[in-house]
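# Report on the structure
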Amino acid sequence: MRSLIDFNDGWVFHEGFDGVLTTNPRPGRNVRLPHNAVELPFSYFDERDYQRAFTYQKEFEAEPGWAGKEVTLILDGAMANSVVYFNGVEIASHKDGYTPFGARFTGRLKEGKNLVVITVDGSENPQIPPFGGQIDYLTYAGIYREAWLRISAPVSIGNQKIETPDALAATKSVTVNADISNPQGLAYAGTLTATLKDKAGKTLGTASGVADGKSASLAIGGLTGIELWDIKNPALYTLELALDTQHGRDESATTFGFRTAEFTTEGFKLNGKLLKLRGLNRHQSFPYVGYALGRAAQERDAEILKHELHLNMVRTSHYPQSKYFLDRCDQLGLLVFEEIPGWQHIGGDVWKAEAVENVRRMIRRDWNHPSIVIWGVRINESQDDHDFYVETNRVAHELDTTRPTGGVRFITDSELLEDVYTMNDFILGNEELGGNRPRTPLRPQQEVTGLDRIVPYMITEYGGHMYPTKSYDQEQRQAEHVLRHLQVMNAAYGDPQIAGCIGWCAFDYNTHKDFGSGDRLCHHGVMDMFREPKFAAYAYASQCDADEEIVLKPVTFWARGERNIGGTLPLMILTNCEEVELRYGNQPPKRIGPDRENFPHLPHPPVVIDRRHFSAEELGLWGMRWEPAVITGYIGGKAVKEVKFADDPVAATLEAVADAEIVARHQTVRVIVRALDQAGNKLPFFPEPVAIEVTGAGKLLGPSIVPLRGGATGFWVEATSTGPIKVTTSNTRLGTTTLNLTAAQGTP
Ligand code: GAL
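An account of the accompanying structure is given in this report. Note that this is a predicted model, so its numbers are computed, not measured.

What counts, and at which threshold
Residues numbered from 1 in each chain as written. Predicted model: local features only at pLDDT ≥ 70, side-chain atom pairs only at ≥ 80, totals over all residues. Heavy atoms only, no water. Axes fitted to C-alpha atoms, helices over the stretch in contact; angles between N-to-C directions. Helix = DSSP H or I, 4+ residues; strand = E, 2+ residues; numbered from the N terminus. Parallel < 35°, antiparallel > 145°, perpendicular 65-115°, else oblique. Left-handed = near helix turned anticlockwise from the far one by under 90°. Contact = heavy atoms within 4.5 Å. Nonpolar A, V, L, I, M, F, W, Y, C, P; charged D, E, K, R; others polar. Phe/Tyr/Trp six-rings, centres within 6.5 Å; stacked < 30°, edge-to-face > 60°. Buried < 20%, exposed > 50% of the residue type's maximum accessible area, 1.4 Å probe, protein only. Lys NZ or Arg CZ within 6 Å of the ring centre and 35° of its normal. Patch = residues over 30% accessible without salt bridge, like charges linked within 9 Å, V, L, I, M, F, W, Y side chains within 5 Å. Areas by Shrake-Rupley, 256 points an atom, 1.4 Å probe, with all protein chains shown as cover. Salt bridge = Lys/Arg side-chain N within 4 Å of Asp/Glu carboxyl O. Lys, Arg positive; Asp, Glu negative; His and termini not counted. Charge placed at Lys NZ, Arg CZ, Asp CG, Glu CD. Pairing = 2+ DSSP bridges. 1 Å grid on protein atoms, 1.4 Å probe; cavity = no way out; pocket = protein on both sides within 12 Å on 5 of 7 lines; lining within 4 Å. Points joined across faces, edges and corners; volume = space filled by probe spheres on them. Core = buried A, V, L, I, M, F, W, Y, C linked by side-chain atoms within 4.5 Å. Expected span 1.5 Å × (residues − 1).

This next bit is on the packing of helix α3 (residues 349–366) against helix α4 (residues 386–399). Interaxial distance between α3 and α4 falls to 10 Å at its minimum, and their mutual angle equals 20°. Accordingly, the angle class assigned to the pair α3 and α4 is roughly parallel. Crossing handedness for the pair α3 and α4: right-handed. Contacts between α3 and α4 involve W351, K352, A355, V356, V359, R360, I363 and R364 from the first element and F388, E391, T392, V395, A396 and L399 from the second. Grouping the amino acids of the contact of α3 with α4 by side-chain chemistry returns 9 nonpolar, 1 polar and 4 charged.

Okay, the packing of aromatic side chains next. Following the criterion strictly, the structure yields 33 aromatic pairs and no others. Taking the centre distance of 6.4 Å and the plane angle of 55° together, the rings of F42 and Y288 count as tilted. A residue pair is termed long-range when its members are at least 10 positions apart, and F42 in the loop between β3 (29–31) and β4 (53–61) and Y288 in the loop between β21 (277–281) and α1 (295–308) qualify at 246 residues. Here F42 matches Y288 in class, with each residue buried. Ring geometry for F535 versus F557: centroids 5.5 Å apart, planes at 45°, classification tilted. In this pair, F535 is assigned in helix α7 (residues 535–541) and F557 in the loop between β31 (552–554) and β32 (571–575), connecting sequence segments 22 residues apart. As far as the burial class goes, F535 and F557 line up, both buried. Through a chain of ring-to-ring contacts, three or more aromatic side chains come together here, namely Y50, Y98, Y137, Y140, Y144, Y291 and Y319. The lysine or arginine in question, R409, covers the ring of Y421, its NZ or CZ lying 4.5 Å from the ring centre.

On the surface, a cluster of negative charge is made up of D545, D547, E548 and E549. Within the secondary structure, D545 is located in the loop between α7 and β31. With relative accessibility at 36%, the residue D545 sits in the partly exposed group.

Below, the discussion takes up the sheet that holds strand β13 (residues 190–197). With antiparallel pairing, 4 strands are arranged side by side in an open sheet as β14-β13-β16-β17. The open sheet has two free edges, formed respectively by β14 (203–211) and β17 (248–256), since each of these has just one partner strand. When strand polarity is set aside, the average angle formed by the axes of neighbouring strands in this sheet is 15°. When β13 meets β14, the two strands line up antiparallel, connected through 8 bridges.

In this structure the tally under the stated criterion is 4 cavities of 30 Å³ or more. Looking at the largest cavity, the residues that line it are F426, L428, Y462, G463, G464, M466, Y467, H481, R484, H485 and V488. Tallied by class, residues from the lining of the largest cavity come to 6 nonpolar, 4 polar and 1 charged. Empty space within the second largest cavity amounts to approximately 80 Å³. For the second largest cavity, the full set of lining residues is F42, K470, S471, Y472, D508, L521, H523, D528, M529, F530, K534 and R709. By residue class, the composition of the lining of the second largest cavity is 5 nonpolar, 2 polar and 5 charged.

Of all hydrophobic cores here, the largest spans 64 residues; its most connected members are L305, L309, I363, V482, L486, V526 and Y540. Top element by residues in this core is helix α6 (residues 475–494). It accounts for 7 residues. Not counting residues within four places of it along the chain, the set of residues in contact with L305 comprises H310, L311, V314, F325, L334, A506 and F507. Ranked by size, the runner-up nonpolar core spans 52 residues in total, among them F13, A80, I118 and Y140.

Attention now goes to the layout of surface pockets. A volume near 1700 Å³ is recorded for the largest pocket. Around the largest pocket sit 44 residues that line it, and I74, P100, N159, K323 and R365 are the ones nearest its centre. Every element with two or more residues in the lining of the largest pocket is listed here: β5 (70–75), β8 (101–104), β10 (147–152), β11 (156–163), β12 (172–181), β17, α2 (323–332) and α3.

Attention now goes to α4. The periodicity of an α-helix, 3.6 residues per turn, causes residues three or four places apart in sequence to face the same way. For α4, which comprises 14 residues, the first-to-last C-alpha distance of 20 Å matches the rise-based estimate of 20 Å (1.5 Å per residue) to within 8%. The elements touched by buried residues of α4 are β11, α3 and β25 (405–409).

These figures come from the coordinates and say nothing about function on their own.
Quick look at the structure:
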């Protein structure tokens, strides 16, 4: 039987690389994977700090039970240009920083201690995508995903592709094509058995057949009562495979879903029904630790996108992301646009060959995820390159006949070799460059494509550098940030020929000096790097139906003099309520409905309160004195949510909220800290220090004294063993807040 051993502990980390390390274990820093080679400050660092070589060593003893088995090290992701040495011999290498690779130990294991050594090189090697030009993100060095030791029969189940050819028929079937891994080239004959199970573990069908070649295919048909995988009901099934040969038994289990996904000239269709895609781009980076957070943090990001931002799509800009993130997207019903590594630059022949391999690796790793509905097979925002992109498309279509390709460009009149024209349309805000075009949220499709026909079309970026916005920026700027996101979404909703829009971007991210605000940060997120929402986050969140969550977010700090000239009008309230009531001081309340005039296409336009809603006398009073306010959301005539604003905010509470109370050992939990006024609103301009202390079975990732930014900050706590973890956050004015968490036994 196969086993997958957690191989993340017991690594010794060294700066640099020296050939002597391949044979000699040396004392160094003891680390556990995932690991970030160079811990970075929050901002204003030199990104060249990690752009060099590092080495990881690990000694281990083989177990007697491994005799006669295949023993393979699997690395889920290491940045970059990894080379694996085993007992002094180079046995594997892998240039790409975003896909998994294996290194066979079989036949090389010796009695006593074995030494595995992995070197990674964080320098931006121009032979490897995405490097060779400038890129607007960081590629933090290190073995930043998990490592496993796979022990299996010498003839075992390799990669497998599961397809559901007639997902919409009443009677369905599932097919599987499994590679048979036989690296020793043994003669063998065997049986492959497939068992389909539902999520309760009930068997729904089986099939078996002869396996004696390089691959084997099976089909299970006649399936009735199968639930489709959908964004609201992401039904998953498991296909278990067993391979029995004279060399032993191997088993695997893969989850998948029954669904169809198509990009048509009328828009995107999931299971035959039109669905407007509403998404954001996600970089997989975190403060201080770069890429190196494990399962819980990856899953949490998917949960934030689905349940806090209420998106139905994410683009994994600009590379394949963690399998844990994608698994969670499957479980949550969050659609994914996945793409190969790259950013504007196309390198030479070696580089291009590697990019084509990246297409192959991405698709072969991820083709069973029902959440993935399109493959990005162009280098993000590169120029046309006919032969190169004919090849990336050919490879994608040959490997996967069920999903369309896209290729993200910002150029117009680009050669369409993909199934979907995927466009970064940054036209909004362009009028500021002095052109004579009036403010335009999105260009008409044919103006962009230059084609004489309508084609499947999707917007893959907007916003971003056109309007960078910090969580601590002036209210007016943040309101404009909100408006831009709303206007593009409104335009996308209003044009049936647009499948949907994916904004730039979900979370702020660290970047090179040539981008962002000089602080090594692109403040382009609708959330900051801690995933704390800016106002623009609610532009998205408020588009969900109220049965998912009632959203009521006034875009204001409620201060008399924060905006230019003063006041808070026009006041946008991001909400999915039917009406909003504003009570200002003792003035008669105003009930106002959504602004369908300016946002006719949005599922839930914002309520906009402006001067028109007040008499001259009332406006005069607003000018005379500043009052508290109560904003209430109504659905079906009933008050369903309320936000109160104080007219005299003072620092009242230090709030600390953990994403979970129980955290699995070796996993992390995020804690958000907020300074609140007496009405429970964040104090946007309270940049005071917060001291963080973590004791017990956990440790703090990052510095222990941090400033509040925009009234909040965040950090991750890692469970180092099991037992209680005490997290205290304190501020000299607001006192101390304590969280009692529990670190429990768990898997990586
Ligand atoms: C795009 C690019 C993104 C990001 C964004 C900033 O051109 O594809 O990676 O740099 O601009 O707005």
